[in-house]
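This is what each chain is made of:
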Amino acid sequence: GDPVSQTPSTPRSWINVPFSHGRISVHSFDPDRFLPQDMQLIEIFADAVSLAYTRFLDFRHLEAQNAELQDAYRQLKETQAELIQAEKMASLGELVAGVAHEINTPLGAIKSSIDTARRGMNRVKQLVPDQHPESGQENPASDRIFSRMDQLHHIVQQAVDRMDIIVASLLKFARLDSPDLDMVDIHEGIESTLVLVGHE
């Protein structure tokens with residue numbers, strides 16, 4: 001007859017082998033299909049599948065750990081860079097504060113001396129007559145001296161003003177008198193920086 005119609009509808013023999021992540025099931029419609037060595041072969045295969053799957057899971061776990069470590073390392077490097085930058089800015093602030101203090105002390109003495117010299121020169125001008133009493137003409141020698149002294153005062157005052165601007169620009173540049181987070185005028189920052197590099 002027809003061989004298909006003679007095939008049984010349910011298996012006549014089978015092998016079930018459990019392993020760590022499931023079960024391997026092999027069946028046959030032939031009742032005497034499997035021998036004892038077939039059972040051993042399936043068990044060896046199941047052990048191999050179990051080992052391979054375990055290694056696969058371990059590999060995925062290692063990949064996940066590696067990704068976490070790389071992310072942690074990246075964050076650590078970013079934090080380290082931020083700490084180094086913060087330390088540099090703190091050192092810059094201390095340096096600027098020290099420089100400003102060291103400059104301001106002699107600068108104050110120079111300002112006081114200029115003011116005293118200017119007032120003294122004005123007093124001398126009042127005491128020295130503008131004209132020779134006997135000739136009625138102007139005194140060119142004293143005029144030259146006073147003119148030269150006025151020029152020197154002007155030059156020194158310009159230098160002092162320049163030093164004042166530089167010290168103020170240094171303090172603004174380092175933002176020593178501001179909180180960590182504040183609204184700032186970008187133009188003021190640019191102008192302060194340009195003052196510091198103006199000699200270039």
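Trainee: What's the story with the overall build of the protein chain in this structure? I'm lost.
Mentor: From N to C terminus, the protein chain includes 3 helices and 2 strands. Secondary structure elements of the protein chain, listed N to C terminal, follow the sequence β-β-α-α-α. In the protein chain, buried positions account for 13% of the 200 residues. Expressed as a percentage of contacts within the protein chain between residues at least 6 apart in sequence, the contacts between residues at least 24 apart total 48%. Of the roughly 15,700 Å² that the protein chain leaves accessible, carbon and sulfur atoms contribute 59%.

Trainee: Please clarify how the nonpolar core should be interpreted in this entry.
Mentor: For soluble globular proteins, nonpolar side chains are generally found buried alongside one another. Membership of the largest hydrophobic core is limited to 6 residues, which are I15, V17, F19, I24, I42 and A46. If you list the elements that add at least two residues to this core, you get strand 1 (13-19) and helix 1 (36-127). In terms of residue count, strand 1 provides more of this core than any other element does, 3 residues in total. Non-local contacts of V17, meaning those with residues more than four positions away in its chain, are made with R23, I24, M39, I42, E43 and A46.

Trainee: How should the environment of D115 be read in this particular structure?
Mentor: Topologically, D115 is positioned in helix 1. Taking the C-alpha atoms as reference points, D115 and Q157, 42 residues apart in sequence, are found 9.4 Å from one another.

Trainee: Explain a nonpolar patch on the surface to me, please; I cannot follow it from the model alone.
Mentor: Taken together, I186, I190, L194 and V197 make up a surface patch of nonpolar side chains, about 350 Å² in accessible area. Inspection of the secondary structure puts V197 in the segment after helix 3 (186-196).

Trainee: Any chance you could explain the environment of L170 here in plain terms?
Mentor: Along the chain, the position of L170 falls in helix 2 (residues 140-174). Distance from L170 to V96, taken between C-alpha atoms, is 6.5 Å for residues 74 residues apart in sequence.

Trainee: What is the right way to look at helix 1 in this model?
Mentor: Because each turn of an α-helix spans 3.6 residues, side chains separated by three or four positions end up pointing in the same direction. Taking 1.5 Å as the rise per residue, helix 1 with 92 residues should run 136 Å; its terminal C-alpha atoms sit 135 Å apart, in good agreement. Residues of helix 1 that are buried include every one of D38, I42, A46, S50, G93, V96, A100, L107, I114 and M121, and no others.

Trainee: I keep staring at the pattern of salt bridges and nothing clicks. Help me out?
Mentor: Think of it this way: side chains of opposite charge can pair up when their charged atoms draw near. This model, assessed by the stated rule, comprises 5 salt bridges. Residue D71 is joined to R74 by a salt bridge in which the shortest nitrogen-to-oxygen separation is 2.4 Å. Here the residue D71 and the residue R74 both occupy positions in helix 1, the gap between them amounting to 3 residues, near one helical turn. What makes D71 partly exposed here is its relative accessible area of 32%. Assessed through its relative accessible area of 39%, R74 is described here as partly exposed. D150 serves as the salt-bridge partner of K125, at 2.9 Å between the closest nitrogen and oxygen. You can see K125 sitting in helix 1 and its partner D150 sitting in helix 2, a full 25 residues away along the chain. On the basis of relative accessible area, K125 is assigned to the partly exposed category, the value being 28%. Connected through salt bridges with shared partners, the residues D71, R74 and E78 form a single ionic network.

Each value, and the rule that gives it
Residues numbered from 1 in each chain as written. Predicted model: local features only at pLDDT ≥ 70, side-chain atom pairs only at ≥ 80, totals over all residues. Heavy atoms only, no water. Helix = DSSP H or I, 4+ residues; strand = E, 2+ residues; numbered from the N terminus. Buried < 20%, exposed > 50% of the residue type's maximum accessible area, 1.4 Å probe, protein only. Contact = heavy atoms within 4.5 Å. Areas by Shrake-Rupley, 256 points an atom, 1.4 Å probe, with all protein chains shown as cover. Core = buried A, V, L, I, M, F, W, Y, C linked by side-chain atoms within 4.5 Å. Patch = residues over 30% accessible without salt bridge, like charges linked within 9 Å, V, L, I, M, F, W, Y side chains within 5 Å. Salt bridge = Lys/Arg side-chain N within 4 Å of Asp/Glu carboxyl O. Expected span 1.5 Å × (residues − 1).

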